[in-house]
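Chain and residue survey
The primary structure of each chain is shown beneath.
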Amino acid sequence: MSVARPTVEVAVVMRRERIEGAMSRWQTWRWVLDDVLAQEPGFGQAPRLLYKNDSEERWLHPGYKVELFTDDAEGYYLNGTTGAPCWFVLWRMEETPAIADEPIARPEVVTLSYHDAGRWLDAQENVEQVPAPKPVIEWMMAFVQEHYVQEPKRRKRPESFRTLTDRFGNPASVTTEKKRGGGQEGAS
């Protein structure tokens, strides 16, 4: 028996925009995340071009599920307690054109988890964010309230109690005894 997770369905809007100025010598266009919207029946299931002119294009990518997982409650907590809670979207460029004349940016995953976004960024993926609407944040924070248990802070041991090691990681010791020198011991 599987337990249903809290889920919201969304659509992603990606924008292709012309690059102006000195940067345009190397790249004339770039893709950016434009928006994350609540899924609507009229969006269909296939990506489609919404708008195009000489300086930009907007593509709608419907049909993404954002699920909340109890073991990632801390990731939602970290997102929800920032000054600007947001959606995180991992996207990749198509290898070969599938629905347009040129390859387009395709969203892969949408999440509200700060941890997911961090892992993807560590893996050098394209991850962008846009603000999430207040009702979504309230829904996510209600989930956090129910499932997140903050770990108690552990006292950090003072540096003075750390074991001493030499540059090779071997145990070392400190002494106040004089090991060498010209002192005359036992002389009267």
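Attention here is on the structure that accompanies the text. (Residues numbered from 1 in each chain as written. Predicted model: local features only at pLDDT ≥ 70, side-chain atom pairs only at ≥ 80, totals over all residues. Heavy atoms only, no water.)

Secondary structure assignment for the protein yields three helices and seven strands. Shown N-terminal to C-terminal, the secondary structure of the protein runs as helices and strands in the order β-β-β-β-α-β-β-α-β-α. Computed over C-alpha atoms, the radius of gyration of the protein comes to 28 Å, more than 25% over the 16 Å expected from 2.2 N^0.38 for 188 residues, which places it beyond the range of a compact globule. Evaluated residue by residue, the protein yields a buried proportion of 31% over its 188 residues. By sequence separation, contacts in the protein at least 24 residues apart represent 65% of the contacts at least 6 residues apart. Side chains of the protein give 24 positive and 29 negative charges; the mean places of these two sets differ by 9 Å. (Helix = DSSP H or I, 4+ residues; strand = E, 2+ residues; numbered from the N terminus. Rg over C-alpha atoms; globule rule 2.2 N^0.38 Å. Buried < 20%, exposed > 50% of the residue type's maximum accessible area, 1.4 Å probe, protein only. Contact = heavy atoms within 4.5 Å. Lys, Arg positive; Asp, Glu negative; His and termini not counted. Charge placed at Lys NZ, Arg CZ, Asp CG, Glu CD.)

So, on to the packing of helix α1 (residues 73-80) against helix α3 (residues 134-147). Packed helix pairs are specified by the crossing angle of their axes together with the interaxial distance, meaning the distance between the axes. At a minimum axis distance of 9 Å, the contact between α1 and α3 shows a crossing angle of 130°. Here α3 runs oblique to α1, going by the angle between their axes. Of the two elements, α1 crosses α3, and the hand of that crossing is left-handed. On α3, the residues touching A73, Y76, Y77, N79 and G80 of α1 are M140, M141, F143, V144 and H147. By residue class, the composition of the contact of α1 with α3 is seven nonpolar, three polar and no charged. (Axes fitted to C-alpha atoms, helices over the stretch in contact; angles between N-to-C directions. Parallel < 35°, antiparallel > 145°, perpendicular 65-115°, else oblique. Left-handed = near helix turned anticlockwise from the far one by under 90°. Nonpolar A, V, L, I, M, F, W, Y, C, P; charged D, E, K, R; others polar.)

This next bit is on the layout of surface pockets. When its volume is computed, the largest pocket comes out at roughly 220 Å³. Lining the largest pocket are 14 residues, with R16, K52, E57, A100 and E102 sitting closest to its centre. Those elements giving two or more residues to the lining of the largest pocket turn out to be β2 (29-38), β3 (48-52) and β4 (56-67). Per-element tally for the lining of the largest pocket: the top contributor is β2, with three residues. (1 Å grid on protein atoms, 1.4 Å probe; cavity = no way out; pocket = protein on both sides within 12 Å on 5 of 7 lines; lining within 4 Å. Points joined across faces, edges and corners; volume = space filled by probe spheres on them.)

Let's shift gears to the sheet that holds strand β1 (residues 7-18). Strand order in the open sheet formed by four strands is β2-β1-β4-β3, with antiparallel pairing between adjacent strands. In this open sheet, the two edge strands, each paired with only one partner strand, are β2 and β3. Put simply, the sheet's adjacent strands are angled 30° from each other on average, direction ignored. Of the pairings in the sheet, the one linking β1 to β2 comprises nine bridges and is antiparallel in character. Counted as the bridge partner of V10 is A38 from β2. (Pairing = 2+ DSSP bridges.)

Burial of nonpolar side chains together is a common tendency in soluble globular proteins. In this structure, V12, V36, W87, V110 and L112 are the most contacted members of the largest nonpolar core, which totals 27 residues. Elements represented by at least two residues in this core include exactly β1, β2, β4, α1, β5 (86-93), β6 (105-111) and α3. With five residues, α3 is the single largest residue contributor to this core. For V12, the contacting residues outside a window of four places in its chain are L33, D35, V36, W59, L60, H61, Y64, V89, P107 and V110. Ranked by size, the runner-up nonpolar core spans six residues in total, among them C86, F88, W120 and V127. (Core = buried A, V, L, I, M, F, W, Y, C linked by side-chain atoms within 4.5 Å.)

A few words now on unusual backbone geometry. Look at Q124: it is not a glycine, yet its phi comes out positive at around 60°. Position of Q124 among the secondary structure elements: in the loop between α2 (114-122) and β7 (126-131). Since its relative accessible area comes to 74%, Q124 is described here as exposed.

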